[in-house]
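Secondary and tertiary structure notes
The residues making up each chain are set out below.
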Amino acid sequence: MLLLAVAFIVAFVLLLYMVSPLISPKPLKLPGAHVVVTGGSSGIGKCIAIECYKQGAFITLIARDENKLLQTKKEIEKYCVNDKQVVLCISVDVSKDYEQVENVLKQAQERLGPVDMLVNCAGTSVTGKFEDIEVNSFERLMAVNYLGSVYPSRAVIATMKERRMGRIVFVSSQAGQLGLFGYTAYSPTKFALRGLAEALQMEVKHYNVYVTVAYPPDTDTPGFAEESKTKPLETKLISETSSVCQAEQVARVIVKDAVQGNFNSSVGSDGYMLSILTSGMSPVTSITEGLQQVVCMGIFRIVGLFYLGSFDSIVRRCMMQREKSESADKTE
């Protein structure tokens, strides 16, 4: 009886693997495609642009700093695979004025054709304890990290639906999957991207437009280096429990998942575990993905509880050390 049950389960899993490709989105072909990358002048955004350019895409880079854009343009053009490829640079703040964002994207489409893939990578970070962070920082981060993704997506979605083709990528963060000490201003903005992505995916998938939410871990970028300067001790110690990834590695994973139309994009074993733990009611791209979530959820929850306990222990230890230090200062 046991062997029969095992055989049934194995046969069921094999059937799912066979059926899965039939219901998965058709991959987007990057050669000749028009890819727009916001926040594309450095870090993950720049690496995503390079990865797409290597595969024959036409690139529109959007960022605020015109000098950085032109420097990045030269760097990307070194990876040209044919003489028809173009890298277009547009200097604009995607978080401030929707009409301006809409206009510059219209100009980009007049030059390079309709947008086939939009990668929303513009973002910034502020770390610190909740009561130490300036109130206007909460507003600024929500504008840049959330509205800075809403505006470009709103500007291209209608054309994608008309063409029955497109990809929209929201670059969130592992801090958009779980809240951590020091990220009270940053995490909510990245959590918001997932809510937007889930609702938008339900609206557009029947038009063959697919949304991807990327959850990169700590990544070696200029933004991460700047963020590390102001991290509270607790945040630094928690960050040390995981390794720092290279931007090129993260970019390859994001591009691959976006092309395939996968909703979730994660890097490494920690990222895989977090994506399953936080899957909830999020869309799945294949039956096998859903099956993995069902099978692994309980096990990963146990592992996750150990992680949470470890993080709480770090915070408690730092608090006790700080109190001892303050007490010693008073006695002196």
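Reading guide: rules and limits
- Residues numbered from 1 in each chain as written.
- Predicted model: local features only at pLDDT ≥ 70, side-chain atom pairs only at ≥ 80, totals over all residues.
- Heavy atoms only, no water.
- Helix = DSSP H or I, 4+ residues; strand = E, 2+ residues; numbered from the N terminus.
- Rg over C-alpha atoms; globule rule 2.2 N^0.38 Å.
- Buried < 20%, exposed > 50% of the residue type's maximum accessible area, 1.4 Å probe, protein only.
- Contact = heavy atoms within 4.5 Å.
- Areas by Shrake-Rupley, 256 points an atom, 1.4 Å probe, with all protein chains shown as cover.
- Lys, Arg positive; Asp, Glu negative; His and termini not counted.
- Charge placed at Lys NZ, Arg CZ, Asp CG, Glu CD.
- Pairing = 2+ DSSP bridges.
- Axes fitted to C-alpha atoms, helices over the stretch in contact; angles between N-to-C directions.
- 1 Å grid on protein atoms, 1.4 Å probe; cavity = no way out; pocket = protein on both sides within 12 Å on 5 of 7 lines; lining within 4 Å.
- Points joined across faces, edges and corners; volume = space filled by probe spheres on them.
- Nonpolar A, V, L, I, M, F, W, Y, C, P; charged D, E, K, R; others polar.
- Parallel < 35°, antiparallel > 145°, perpendicular 65-115°, else oblique.
- Left-handed = near helix turned anticlockwise from the far one by under 90°.
- Right-handed = clockwise from strand over helix to strand, strands pointing away.
- Core = buried A, V, L, I, M, F, W, Y, C linked by side-chain atoms within 4.5 Å.
- Polar contact = N/O pair within 3.5 Å; in protein donor to acceptor, adjacent residues only side chain to side chain.
- Expected span 1.5 Å × (residues − 1).
- Salt bridge = Lys/Arg side-chain N within 4 Å of Asp/Glu carboxyl O.
- Arc of directions from axis to C-beta.

What about the overall build of the protein?
Assigned secondary structure in the protein consists of 11 helices and nine strands. Over its C-alpha atoms the protein spans a radius of gyration of 22 Å, differing by no more than 12% from the 20 Å that the globule rule assigns to 332 residues. Taken over 332 residues, the protein has a buried fraction of 47%. Taking all contacts inside the protein whose residues are at least 6 apart in sequence as the whole, residues at least 24 apart take part in 75%. Counting only carbon and sulfur atoms, one obtains 58% of the accessible surface of the protein, whose full area is about 17,300 Å². The distance from the centre of the 34 positive side-chain charges to the centre of the 34 negative ones in the protein is 6 Å.

A closer look at the sheet that holds strand β5 (residues 166–171)
As summarised here, the arrangement of the seven strands in space is β3-β2-β1-β4-β5-β6-β9, forming an open sheet in which the pairing is parallel. The sheet terminates laterally at β3 (87–91) and β9 (264–266), the two strands that pair on one side only. Between one strand axis and the next, the sheet turns through 15° on average, direction left out of account. Across six bridges, the pairing between β5 and strand β6 (residues 209–215) is parallel. Residue pairing for β6: G166 is matched across the bridge by V209. Running over the sheet, helix α6 (residues 187–204) touches β5 and β6 and is turned about 160° from β6.

Side note on the side chain of Q293
Positionally, Q293 belongs in helix α11 (residues 287–331). Every residue in contact with Q293, bar those within four places of it in the chain, is listed here: I276, S279 and V284.

Structural notes on the layout of surface pockets
Roughly 440 Å³ of volume is contained in the second largest pocket. What lines the second largest pocket is a set of 17 residues, and nearest its centre among them are D257, N262, N264, E289 and Q292. Going through the elements one at a time, α9 (247–260), β9, α10 (268–277) and α11 are the ones with two or more residues in the lining of the second largest pocket. The class makeup of the residues in the lining of the second largest pocket is three nonpolar, 11 polar and three charged.

What to know about the packing of helix α4 (residues 98–112) against helix α5 (residues 135–163)
Remark: α4 packs on α5, axes separated minimally by 8 Å, with the N-to-C direction vectors making an angle of 50°. What the angle tells us is that α4 and α5 run oblique. The handedness of the crossing between α4 and α5 is right-handed. In this structure, α4 uses Y98, V101, E102, L105 and Q109 to contact α5, whose residues at the interface are Y151, P152, R154, A155, V156 and T159. Grouping the amino acids of the contact of α4 with α5 by side-chain chemistry returns seven nonpolar, two polar and two charged.

Examining the pairing of β3
In this structure, strand β2 (residues 58–63) lies alongside β3, joined through five bridges in parallel fashion. Bridging from a neighbouring strand, I59 pairs with V87 of β3. Taken together, β2, helix α3 (residues 66–77) and β3 form a β-α-β motif whose crossover is right-handed.

Examining the nonpolar core
Judged by nonpolar contacts, the single largest core of 34 residues is most densely connected at V35, I48, C52, I59, M117 and V119. Elements that contribute at least two residues to this core include exactly β1 (34–38), α2 (43–54), β2, α3, β4 (117–120), β5 and α9. Excluding its chain neighbours within four sequence positions, the residues that come into contact with V35 are L30, C52, A57, F58, I59, T60, M117 and V119. The next biggest cluster of nonpolar side chains, apart from the first, holds 31 residues, and it includes V115, F170, V211 and Y215.

Digging into the side chain of T38
Checked against the element boundaries, T38 lands in strand β1. Using a relative accessible area of 0% as the deciding quantity, one classes T38 as buried. For T38, the side chain forms a polar contact with the main-chain nitrogen of C121, separated by 3.0 Å. In this view, T38 contacts I62, V94, L118, V119, N120, C121, A122 and P152; residues no more than four positions away in its chain are not counted.

A few points about α4
If you check α4, its first and last C-alpha atoms are 21 Å apart, about what 15 residues at 1.5 Å a residue would give, namely 21 Å. Of the surrounding elements, those touching the buried residues of α4 are β1, β2, β3 and α5. Regarding α4, its N-cap is D97, as a side-chain oxygen of that residue lies 3.0 Å from the backbone nitrogen of E99 further along. Within two residues after α4, G113 carries a phi angle of roughly 95°, on the positive side.

What to know about the pattern of salt bridges
Under the definition given, this model contains seven salt bridges. Notably, a salt bridge pairs E198 with R194, separated by 2.7 Å at the nearest N-O pair. Remark: R194 and E198 occur in helix α6; sequence separation between them is four residues, near one turn of the helix. We classify R194 as buried; its relative accessible area is 15%.

Some remarks on α3
In an α-helix, one full turn covers 3.6 residues, which means residues spaced three or four apart are oriented alike. Counted at 1.5 Å a residue, the expected span for α3 with its 12 residues is 16 Å, and the 17 Å between its end C-alpha atoms agrees. Those residues of α3 that sit buried are L69, T72 and I76. Summarising the axial view, the buried residues of α3 lie within an arc of 65°, below the 170-degree limit, and thus occupy one face. With respect to the buried face of α3, the exposed residues turned more than 90 degrees away are N67, Q71 and K74. Between the side-chain oxygen of the N-cap and the backbone nitrogen of N67 there are 3.0 Å, and the N-cap of α3 in question is D65.

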